[in-house]
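Fold and contact review
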Amino acid sequence: MNVWKQKDIKLFLIVIPVINLINYFITYNNVSFNFYFFITFLIDTAQGYFAWLIIRYIIIKMEMKSPLIHFSFERILKQLILTSVIGLAIIILLTEILNAAARDTPVPLSFYFLDIWIYFIWILVINGVYIGMYYFLIWRNSEQKLLGSQNLKAEGINVKIGNKNSKIALNSIAGFYVEDNVSFVIDKDSKSYIIESSLENLEYKLPPEIFFRINRKYILNRSSIVSFKRIENNKLLILTIDNNVIPAELTLSRLKSPAFKKWFEKDMLEL
């Protein structure tokens, strides 16, 4: 899951040049704003963008494999080490290549004794920004989801029946599904009605203690699920109530299986 949803891109498009400019004033005593400065600045900024994109890719891949929501110092330490090592390796490689193309002399030793540590600190800062953004967005999304859930509990789902607009209470809903890019709500009498909201928006707003996103096509009410059993590759086979719309069996992916079991078993304990 990419919780940042490209919000980080707008931020770092501005932050990278700012970081680069700060580096110039940290590294050099006298900065002259001449043609050479602007060419060097553009090259270093492009290099910074490339290194940041690689770091961003690593962070997103690690988030998909081991979400930060399950906080652990080991997980954060792995991210810091991996992004630092790969980020610095990219910066060193690009610096050596550009220097070999533009000059006959080797890269100054000051780059390895001073500049590289400054880059290391900035990589740690970038990681801090991502981690901070992550938990802020998780908190904000949780607050918005709670508000949306409260509104849905109070108001229900809007549907159009003939020429009339009506509402279906949440406790009367068996589930939701999508077909040919059209979303439907299923009531407990096995009747389907078209709704304007996508399953993605519904998943975001529906009370998580009542509804679960089974797959891309279905969101089901807990009351619509009879039981489940494990099948091949650690997937789950979900057995549902006898309904003319909802299939009697649905397959749940291996990645979503632990969350489903926790959700289902918690509900059983409460019952």
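Now for a look at the structure at hand. Not measured: the values here are computed from a predicted model.

A few words on the overall build of the chain. Scanning the chain from terminus to terminus reveals six helices and ten strands. Over its C-alpha trace the chain gives a radius of gyration of 26 Å, far above what one expects of a compact globule, namely 18 Å for 271 residues. By principal-axis analysis of the C-alpha atoms, the chain measures approximately 80 × 45 × 30 Å. Going through the 271 residues of the chain one by one, you find that 37% of them count as buried. By sequence separation, contacts in the chain at least 24 residues apart represent 56% of the contacts at least 6 residues apart.

This paragraph deals with the nonpolar core. Membership of the largest hydrophobic core comes to 17 residues, with the highest contact counts inside it found for I214, L220, I225, I238, L250, L252 and F260. Ranked by residue count, the leading element in this core is helix α6 (residues 257-270), at three residues. Here L250 is in contact with I214, N215, Y218, L220, L236, L237, I238 and T240, once residues within four sequence places are set aside.

Judged by pairing direction, the sheet is antiparallel, and its three strands sit side by side in the order β8-β9-β10 without closing on themselves. The sheet terminates laterally at β8 (225-230) and β10 (249-252), the two strands that pair on one side only. Taken pair by pair, the neighbouring strands of this sheet meet at an average axis angle of 25°, ignoring direction. Pairing geometry for β8 and strand β9 (residues 236-240), over five bridges, is antiparallel.

This part takes up the sheet that holds strand β4 (residues 182-187). Strand order across the open sheet formed by five strands is β5-β4-β3-β7-β6, with antiparallel pairing between neighbours. At either margin of the open sheet sits one strand with a lone partner, and together these are β5 (192-195) and β6 (211-213). Averaged over all neighbouring strand pairs, the angle between strand axes comes to 20°, with direction disregarded. Relative to strand β7 (residues 218-221), β6 runs antiparallel, the two sharing three bridges.

Counting across every chain of the model gives four salt bridges. The salt bridge involving D8 is made with R56; its shortest N-O contact spans 2.5 Å. Taken together, the positions of D8 in helix α1 (residues 7-27) and R56 in helix α2 (residues 35-65) put the pair 48 residues apart, joining distant regions of the chain. Looking at D8, the relative accessible area reads 0%, which means it is buried. The class of R56 is buried, set by a relative accessible area of 13%.

What follows covers a nonpolar patch on the surface. Among the surface-exposed residues, L13, I14, V18, I22 and I26 lie close enough to one another that they form a single nonpolar patch of about 450 Å² accessible area. For I26, the location among the structural elements is in helix α1. Exposure remark for I26: the relative accessible area of 49% places this residue in the partly exposed category.

Helix length check: helix α3 (residues 73-102), at 30 residues, gives a terminal C-alpha distance of 43 Å against a target of 44 Å (1.5 Å per residue), a fit within 8%. The complete set of buried residues in α3 reads R75, I76, Q79, T83, S84, G87, L88, I90, I91, T95 and N99.

Evaluated as defined, the whole model comprises 23 aromatic pairs. On the basis of an interplanar angle of 65° and a centroid distance of 6.1 Å, the ring pair of Y24 and F41 is categorised as edge-to-face. Of this pair, Y24 sits in helix α1 while F41 sits in helix α2; the two residues are 17 residues apart in sequence, bridging distant segments of the chain. You'll find Y24 and F41 in the same group, each marked buried. Between F212 and W263, the ring centres sit 5.2 Å apart and the planes meet at 35°, which makes this aromatic pair tilted. Here W263 lies in helix α6 and F212 lies in strand β6, a separation of 51 residues in the sequence. Accessibility expressed as a relative area gives 11% for F212, which makes it buried. Aromatic rings pair up to connect Y24, F25, F33, F37, F38 and F41 into one cluster.

Parameters and conventions
- Residues numbered from 1 in each chain as written.
- Predicted model: local features only at pLDDT ≥ 70, side-chain atom pairs only at ≥ 80, totals over all residues.
- Heavy atoms only, no water.
- Helix = DSSP H or I, 4+ residues; strand = E, 2+ residues; numbered from the N terminus.
- Rg over C-alpha atoms; globule rule 2.2 N^0.38 Å.
- Buried < 20%, exposed > 50% of the residue type's maximum accessible area, 1.4 Å probe, protein only.
- Contact = heavy atoms within 4.5 Å.
- Core = buried A, V, L, I, M, F, W, Y, C linked by side-chain atoms within 4.5 Å.
- Pairing = 2+ DSSP bridges.
- Axes fitted to C-alpha atoms, helices over the stretch in contact; angles between N-to-C directions.
- Salt bridge = Lys/Arg side-chain N within 4 Å of Asp/Glu carboxyl O.
- Patch = residues over 30% accessible without salt bridge, like charges linked within 9 Å, V, L, I, M, F, W, Y side chains within 5 Å.
- Areas by Shrake-Rupley, 256 points an atom, 1.4 Å probe, with all protein chains shown as cover.
- Expected span 1.5 Å × (residues − 1).
- Phe/Tyr/Trp six-rings, centres within 6.5 Å; stacked < 30°, edge-to-face > 60°.

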